[in-house]
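So you can see what is in the structure, the chains are spelled out below.
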There are 2 protein chains.
Amino acid sequence: MNGIDPGWLPPEAFRPLGTRRTLVRGSGPLVGTVRDEVTDACGRFGGEVVRDGAYDLLLDLVEAADVVEAADGGLGLGDEGFAFARDGGTTTVTACGGRGLLYGLFHVVRLGEEAFQGVRPREVHRPATDLRMLDHWDNVAVHPVMGQVERGYAGGSLFWRDGRARGEPERVRAYARLLAACGINAVCVNNVNVHATEARLLTDRIGEVAAIADVLRPYGIRTHLSVTFAAPVVLGGLSTADPLDAEVRAWWERAVRGVYAAIGDFGGFVVKADSEGQPGPFTYGRSHAQGANLLAGALAPHGGTVHWRAFVYDHRQDWRDRTTDRARAAYDHFAPLDGKFADNAVLQVKHGPMDFQVREPVSPVLGALPRTRLAVEVQATQEYTGQQRHVCWLGPMWSEVLRFRPRGEGGPSVGESARGGIVAVSNVGDDPFWTGHPLAQANLYTFGRLAWQPDAEPLGILDEWIALSFPSAPERLVTGLRRVLDGSWATYEKYTAPLGVGWMVQPGHHYGPSVDGYEYSPWGTYHFADRDGIGVDRSAAAGTGFAGQYAKPWAELYESPDTCPDELLLFFHHVSYGHMLHSGKTVIQHIYDTHFEGVEEVAAAREVWASLVDLVDAARHARGSERFEEQLRSAREWRDQVNSYFFRKSGVPDAHGRRIY
Amino acid sequence: MNGIDPGWLPPEAFRPLGTRRTLVRGSGPLVGTVRDEVTDACGRFGGEVVRDGAYDLLLDLVEAADVVEAADGGLGLGDEGFAFARDGGTTTVTACGGRGLLYGLFHVVRLGEEAFQGVRPREVHRPATDLRMLDHWDNVAVHPVMGQVERGYAGGSLFWRDGRARGEPERVRAYARLLAACGINAVCVNNVNVHATEARLLTDRIGEVAAIADVLRPYGIRTHLSVTFAAPVVLGGLSTADPLDAEVRAWWERAVRGVYAAIGDFGGFVVKADSEGQPGPFTYGRSHAQGANLLAGALAPHGGTVHWRAFVYDHRQDWRDRTTDRARAAYDHFAPLDGKFADNAVLQVKHGPMDFQVREPVSPVLGALPRTRLAVEVQATQEYTGQQRHVCWLGPMWSEVLRFRPRGEGGPSVGESARGGIVAVSNVGDDPFWTGHPLAQANLYTFGRLAWQPDAEPLGILDEWIALSFPSAPERLVTGLRRVLDGSWATYEKYTAPLGVGWMVQPGHHYGPSVDGYEYSPWGTYHFADRDGIGVDRSAAAGTGFAGQYAKPWAELYESPDTCPDELLLFFHHVSYGHMLHSGKTVIQHIYDTHFEGVEEVAAAREVWASLVDLVDAARHARGSERFEEQLRSAREWRDQVNSYFFRKSGVPDAHGRRIY
């Protein structure tokens, strides 16, 4: 692949398919993609693409009506689903849409030899949600502070460089192929913080977006664009961007027509409004629903969607004011707007109430707007989880979020109710390994697969990723990779901010420890540690009331330190260092223990990785090793700063007499 | 003056001179400058430059021999001194050099009408040191982090913009005139951190330096250049910069010849070597003396000097290691080298052992190298003292430093022993008021005057500055300015880091509080606060030994918390919050009290400034008012963060029950 890392699609992964005879039936551009994939694999491994006669595999694009006939009732495959079966020595993938056929193909690839063995009754696979999106926080022009990719830890952007489109379709194509192979069907190509240069992608620079869309399309991926709410002013020269203004509406309608003229299957807009300095409807005394509906109205005739981010809070908070709670903000802003959003407006909600910390409760917003299409947003780019210098496989965290039932046991899970989509901030750049740390590829793959099937077992997905990425891996490699990745999130949590309290990172770049880094800041991110205790009282009875934003049983569970889960205790309660956790440890001893353990676990993972040197290609192994050195250094720094900080504050010695500075 | 702020030389300040008849006698370029100044003043106010006949003022450049004859023995005026006298209705300034005559002229301006009244016996004025320099930390190319001027708070550079010379001689000329009027005679035109672009000023871009030198020269100012020690490698293409290498030596000799060909009176080099990442002789296993002497050797034939900065320490320190002490570093590195530096090599020493904190002890290096020419460096740019958003008149601080006698009572003061010069980092940029905060001009003026006469009373200098800058100011304005400026350093100290412990600033940009900002950092800047106490034990008996680097009586004084001055207590000792100060307060109560007082004092100063609105020109007053708003906001932030931090840690309530968050 011209030096482009194959990720989880190394040629070898296509061997089982590539040695078979395959019949591809149907027509259309995505069928062409499927046929090309099969042809390529067969060319490599000696199989055959047949036009008739005997075959081992049938990839069959049919009319929806035919599927109904063939089965007992409709399978509801839609455009993206597929049916998989094996009988009489033939494996059959049936789909009603090009995307479905493509996903069916990659399903066969994932199964490997297994896809061609025995008998398998028909299974139907379809995604839980129609939109499985990656948001790229890529800037077109290099931002003086944030650089080419905001919170990017994998080199430059795939799409943009120094103010211009990169125009490197091969790399983008390889990326699209990887995404399709894990089920992602939408990409937003620019940062939600839309600066002056980026704003113009909507209008006179839409051609550059169209060029990217052309490359993504053959892999079933629609293109989305982040736009600035102030576009009618900054681009259109209007005096207002008021969503109720007729001229503003007309401006957006014209702009959207221009977009669809260039990109017929354009997905829609992503908007960060009234957030961290971005403009929004508040300027004009309008609600977020009015703001979102303005864009939704312009997009509706063309089938587009607006993703309106719920990340709205006061980032100029006074730390002295303990009544204002950033965690409350999204619910306070958006819950009252339930039912007021247009059908093609999606409220895109970060999974936690704060900002992608290593541990947060699930955002109560995800249970608070039953009449609104919601998307849940996670962060594949590891802003707060080690910035792709640390191994931190986030599958288990995302799985917890997606399985959480915000309205209680009887209600739908987050994954089930995310009708507006499941979204991740991309962790990919022009890095030779795509993601900086080669093992961070597992996060991207896992995200795609969880977005497709939110109740999947993450460990099973990890195994898929290992099997694909390292075909025919010996058991020692498989076990080693599992040991390094599984549990890495828990390890990261151990050596960073304890018990759900979050932050404690260096301000600005967010890498490395600074226990008080955000303690007196306007960002609303506090731990309130003093000589006696730590944590934020967010109870309804005595605190900020955030716990009361949840439905039962969560509101009750979180309300009391007695019932609150240990891992979220300091998010919801201020307790003494001597407070006894359910684990049977005091808070302070828990802090010491987890920080010592976390470093030991990193050291152990580093050893495991080192032991795999003969089984992983040299460049990849070297990159991983270099990152493990940094992770270990950094984990020690976290351990020692956090332990020293709390020892200095509490005066409580470690029960095991370990070294605290 | 074409919209250029006249600083302490408003036309009005020349009225007394400009109404008189003046005879200027002598020849040479600086006499031309003097004559032009007088001519200009007379043109404005009706006086006359006479060629003979009666005159009120004689500005007389004479041969040194004539002065000897005229007086009882030699006056030793040198090139820069002058004699001032008034008798028989005539005022006489006598000098043996052009600079002396120029300084004499400005002396007359400073005296105003007084210069022309009564009888005044001859006074001789001469500077305490030959070199009174401003170091500009100006970058030629905009540095991605540090910008155009490193630690600059007054806009862009006077000399450089976006990689090129600005070529605005008028502004530079106005600047040179202001400097001459307070006695400064040397300017280093680029940052001590010499990046790639700046390195080339030494060679192919020397013409740009020469153009600046041409503008500074008529005001008696010699031009100096910061160079990189690695120049033979980065510019010359040699494989080494080893100071003992013959080719390296030859390279420097050639380079210096080129410099002098362009600038005949070039002053010399300023070098930051083996410091904060800058290259130096350590790379080649050579000493700093060997490094400095390499450049000194190249400069000597031309009469140039190398200023070698003593700011060498480990900036990659491990905060866990309490035995390493940054404060010790300069002494440890340089004291053993006493006597090893060439005659034209000057060791340039920051006034304190750390880095321009609001309170530090005087550096013991200043008393430790009796056989070495030392320069003392202070910081006019207010990196750690409010960044020219806060009023902080540093005259009293500098005066304390310059009067300090590092070798004990019998020894010379810092001011007396600074044979290599008195240096400040400039606080000037292309700001309309030169210095950002208009009142920060007082720092620049005060520095120049103290460099001339280190034992001068700073308050007298402040009064000079007020009288010059606001001619014929009513008493209310004079009193108001004094109230705002005098004591502002003490006020700043009150609301920032307490009792000499320093830092507690936001890392990186150094503005605003972050009590733990540098507490776990590699920069060696700690306070070690825990729940029981705070401070750094630098005693010889039990601490880092830094106190032992001083001569008596200082070593003994600082060694014990019982004798250590309150204001330096936490610099030298770790004590409990309940430790009783000489002031009769506990450490913790002192922290609370000073922080409340500091804010009150800022509020009061702000009121005083507001009350002067009718007496200060509108733009200047508005700028000052805007800065006072910020100072008050920032001082409150300091107060509340520092008080909260120590209340949370100590648990000791304020004795007066004031609000701590």
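As a starting point, this report considers the structure included with it. (Residues numbered from 1 in each chain as written. Chains lettered and ligands numbered in written order. Predicted model: local features only at pLDDT ≥ 70, side-chain atom pairs only at ≥ 80, totals over all residues. Heavy atoms only, no water.)

**Digging into the overall build of chain A**
Okay, step 1: Along the backbone of chain A there are 21 helices and 20 strands.
Okay, step 2: Rg of the C-alpha trace for chain A: 25 Å, near the compact-globule value of 26 Å for 661 residues, within the 12% margin.
Okay, step 3: Referenced to the eigenvectors of the C-alpha coordinate spread, the extents of chain A come out at roughly 80 × 65 × 50 Å.
Okay, step 4: In chain A, which comprises 661 residues, the proportion classed as buried is 63%.
Okay, step 5: Of the roughly 22800 Å² of accessible surface on chain A, 50% is carried by carbon and sulfur atoms. (Helix = DSSP H or I, 4+ residues; strand = E, 2+ residues; numbered from the N terminus. Rg over C-alpha atoms; globule rule 2.2 N^0.38 Å. Buried < 20%, exposed > 50% of the residue type's maximum accessible area, 1.4 Å probe, protein only. Areas by Shrake-Rupley, 256 points an atom, 1.4 Å probe, with all protein chains shown as cover.)

**A closer look at the environment of I206 of chain A**
All names here are of chain A.
Okay, step 1: By secondary structure assignment, the location of I206 is in helix α7 (residues 206-216).
Okay, step 2: On the basis of relative accessibility, which here comes to 10%, the residue I206 falls in the buried class.
Okay, step 3: Sequence-distant contacts of I206, that is, excluding residues within four places in its chain, are made with R200, L201, L225, V259, A262 and I263. (Contact = heavy atoms within 4.5 Å.)

**A closer look at the packing of aromatic side chains**
A ring pair, where both rings are aromatic, is described by two values, the distance of the centres and the angle of the planes.
Okay, step 1: In total, this model carries 60 aromatic pairs over all chains according to the counting rule given.
Okay, step 2: Here the aromatic rings of W251 of chain B and W252 of chain B are separated by 5.3 Å at their centres, their planes lie at 85°, and the arrangement is edge-to-face.
Okay, step 3: When the centroid spacing of 5.4 Å and the interplanar angle of 85° are considered together, the rings of F546 of chain B and Y550 of chain B count as edge-to-face. The same class applies to F546 of chain B as to Y550 of chain B, namely buried.
Okay, step 4: Taken together, the aromatic side chains of F404, F546, Y550, W554, Y558, F571 and F572 of chain A make up a single cluster linked through ring pairs. (Phe/Tyr/Trp six-rings, centres within 6.5 Å; stacked < 30°, edge-to-face > 60°.)

**Details of the sheet that holds strand β5 (residues 90-95) of chain A**
Residue and element names in this part refer to chain A.
Okay, step 1: Taken together, the 6 strands give an open sheet; going across it, the order is β2-β1-β3-β5-β4-β6, and neighbouring strands pair in mixed fashion. The open sheet terminates on both sides in strands that have one partner only, identified here as β2 (48-50) and β6 (120-125). Direction aside, the axes of adjacent strands within the sheet are offset by 15° on average.
Okay, step 2: In the sheet, strand β3 (residues 57-61) pairs with β5 via 5 bridges, with the strands oriented parallel. The residue of β5 that forms the bridge with L61 is A95.
Okay, step 3: This element, helix α4 (residues 98-111), spans β1 (21-25), β3, β4 (82-87), β5 and β6 of the sheet and lies at about 45° to β4. (Pairing = 2+ DSSP bridges. Axes fitted to C-alpha atoms, helices over the stretch in contact; angles between N-to-C directions.)

**Focus: the relation of the copies chain B and chain A**
Okay, step 1: In screw terms, the move from chain B to chain A is a rotation of 180° and a rise of 0.0 Å along the axis, fitting with an RMSD of 0.0 Å. Such a combination of turn and shift is consistent with a two-fold rotation axis.
Okay, step 2: By residue overlap, the copies meet face to face through one surface: 100% of the interface positions of chain B are interface positions in chain A. (Least-squares fit on C-alpha atoms with pLDDT ≥ 70 in both.)

**Concerning the side chain of R620 of chain A**
Residues and elements named next belong to chain A.
Okay, step 1: When you line up the elements, R620 lands in helix α21 (residues 618-650).
Okay, step 2: At 2.8 Å, the side chain of R620 forms a polar contact with the side chain of D617.
Okay, step 3: If near-sequence neighbours (up to four positions away) are discounted, R620 is found in contact with D5, F433, P438, Q441, F470 and W609. (Polar contact = N/O pair within 3.5 Å; in protein donor to acceptor, adjacent residues only side chain to side chain.)

**Overview of the side chain of E630 of chain A**
Okay, step 1: Here E630 of chain A is to be found in helix α21.
Okay, step 2: Those residues within four positions of E630 of chain A in sequence are excluded, and the remaining contacts are R389 and Y511 of chain A.

**Notes on the interface of chain B and chain A**
Okay, step 1: On the side of chain A, 22 residues touch chain B, which itself brings 22 residues to the contact.
Okay, step 2: Both sides of the chain B and chain A interface together cover about 2200 Å² of buried area, and 46% of this is carbon and sulfur.
Okay, step 3: Three residues, R320, R531 and R648 of chain B, lead the burial of chain B against chain A; their summed loss comes to 38% of the area buried on that side.
Okay, step 4: Inspection of the chain B/chain A interface yields 6 salt bridges.
Okay, step 5: Two residues, R320 of chain B and D640 of chain A, come together in a salt bridge whose shortest N-O distance is 2.5 Å.
Okay, step 6: Looking at side-chain class alone, the side of chain B that touches chain A contains 6 nonpolar, 4 polar and 12 charged residues. (Buried area = accessible area lost by both parts, 1.4 Å probe. Salt bridge = Lys/Arg side-chain N within 4 Å of Asp/Glu carboxyl O. Nonpolar A, V, L, I, M, F, W, Y, C, P; charged D, E, K, R; others polar.)

**Focus: the sheet that holds strand β4 (residues 82-87) of chain B**
Residue and element names in this part refer to chain B.
Okay, step 1: Ordered in space as β2-β1-β3-β5-β4-β6, the 6 strands form an open sheet in which the pairing is mixed. Two strands in the sheet have a free side with no partner beyond their single neighbour: β2 (48-50) and β6 (120-125). On average, adjacent strands in this sheet sit at an angle of 15° to one another, irrespective of strand direction.
Okay, step 2: In this structure, β4 lies alongside β6, joined through 4 bridges in antiparallel fashion. Following the sheet pairing, F84 is matched in β6 by E123.
Okay, step 3: Contacting β1 (21-25), β2 and β3 (57-61), helix α2 (residues 29-45) runs over the sheet at an angle of about 170° to β1.
Okay, step 4: Its contacts with the sheet place helix α4 (residues 98-111) against β1, β3, β4, β5 (90-95) and β6, and it is angled at close to 45° to β4.

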